[in-house]
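# Structural features, examined
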Amino acid sequence: YFGDVTLGEGSSLRITSMLDGEVQSLDAQTLAMWSNSTAYFNGSLIKIELFSGPETTNHFTIDYVASEMLGKDVNPIAGPGAGDGCGICGSDDRVQDDDDRFFRIMPVGCSGTIYNESSCGVTAGHCLQSGMVAQFRVPDSASNCATYNPPVSEQFPVTDYDGADGGVGNDYGALAIGTNNSGQRPFERYGVY
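So, here is what we can say about the structure in this document. (Residues numbered from 1 in each chain as written. Predicted model: local features only at pLDDT ≥ 70, side-chain atom pairs only at ≥ 80, totals over all residues. Heavy atoms only, no water.)

What follows covers the nonpolar core. In terms of nonpolar packing, the biggest core is built from 16 residues, with Phe 103, Ile 105, Met 132, Phe 136, Leu 175 and Ile 177 touching the most fellow members. Listing elements by their share of this core, those giving two or more residues are strand E8 (102–106), strand E9 (110–114), strand E12 (155–165) and strand E13 (171–177). Discounting residues that sit within four places of it in the chain, Phe 103 has contacts with Cys 110, Ser 111, Gly 112, Thr 113, Ile 114, Gly 121, Ala 134, Gln 135, Phe 136, Leu 175 and Ile 177. Membership of the second largest hydrophobic core comes to 15 residues, among which are Leu 7, Leu 31, Val 133 and Val 152. (Core = buried A, V, L, I, M, F, W, Y, C linked by side-chain atoms within 4.5 Å. Buried < 20%, exposed > 50% of the residue type's maximum accessible area, 1.4 Å probe, protein only. Helix = DSSP H or I, 4+ residues; strand = E, 2+ residues; numbered from the N terminus. Contact = heavy atoms within 4.5 Å.)

Have a look at this one:
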């Protein structure tokens, strides 16, 4: 999550996972769409490079780095003492689904569904918060409940949201979803809603 960023014309930031080589490039416009943050990367080390356009003055600061905390007493959504992070460790009878209408919302871990050709999504209202990322084609979690992130091309910023978190019968959310690193929205990439 970046703090103060100035990127002149032709300038960009390139973020690379040192684990799997996944890369995201952000210029001033795409950085704003991503709410001054990035896609989620795998591994514990990333490289950030600043590429300057001709005759530009550029700088960036990092506000904070988000990471996943694991362990039976840490739940990334509910907080310490709420149990493990994914809810299912050990024997897992879930069946993997490859339906591209559905996505994981990070950092909260909720799910959502694309419902129109404009790539709008729906989810529960209690899942709404700033800085959300919609992840598609999500890999299986590790046996220790660590989440793995899909490639950057399968991640999209949530650019706007609205809804209600009023309990049973009044818990709904709508999401506007931006473009991935290839300039595609989910419907353009997957063709389904």
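From this point, the discussion proceeds with the structure in view.
In a disulfide, the sulfur atoms of two cysteines are covalently bonded to one another. Inspection of the entire model under this criterion finds 1 disulfide. The disulfide bridge from Cys 110 ends at Cys 127, spanning 2.0 Å between sulfur atoms. Judged by the torsion about the S-S bond (-80°), the Cys 110/Cys 127 disulfide is left-handed. Linking Cys 110 in strand E9 with Cys 127 in the loop between strand E10 (121–123) and strand E11 (133–135), this pair joins segments that are 17 residues apart in sequence. Residue Cys 110 shares its accessibility class with Cys 127, and that shared class is buried. (Disulfide = S-S within 2.5 Å.)

For the rest of this paragraph, the subject is the sheet that holds strand E3 (residues 23–26). By way of backbone hydrogen bonds, the strands of a sheet pair with one another, either parallel or antiparallel. Strand order across the open sheet formed by 3 strands is E3-E2-E4, with antiparallel pairing between neighbours. Edge positions in the sheet fall to E3 and strand E4 (46–51), since each has one partner strand and no second. Each neighbouring strand pair of the sheet contributes to a mean axis angle of 15°, computed without reference to strand direction. With 4 bridges connecting them, strand E2 (residues 12–17) and E3 associate as antiparallel partners. Note that in E3 the partner of Arg 14 across the bridge is Ser 25. (Pairing = 2+ DSSP bridges. Axes fitted to C-alpha atoms, helices over the stretch in contact; angles between N-to-C directions.)

Let us now look at the environment of Thr 16. Tracing the chain through its elements places Thr 16 in strand E2. Residues Thr 16 and Leu 45, spaced 29 residues apart in sequence, show a C-alpha to C-alpha distance of 8.7 Å. When residues no more than four places from it in sequence are discounted, the contact partners of Thr 16 are Gly 21, Glu 22, Val 23, Leu 45, Ile 46, Lys 47 and Glu 49.

Inspection of the entire model under this criterion finds 7 aromatic pairs. An aromatic cluster is defined as three or more aromatic residues linked by ring pairs; in this entry it consists of Phe 103, Phe 136, Phe 156 and Tyr 190. (Phe/Tyr/Trp six-rings, centres within 6.5 Å; stacked < 30°, edge-to-face > 60°.)

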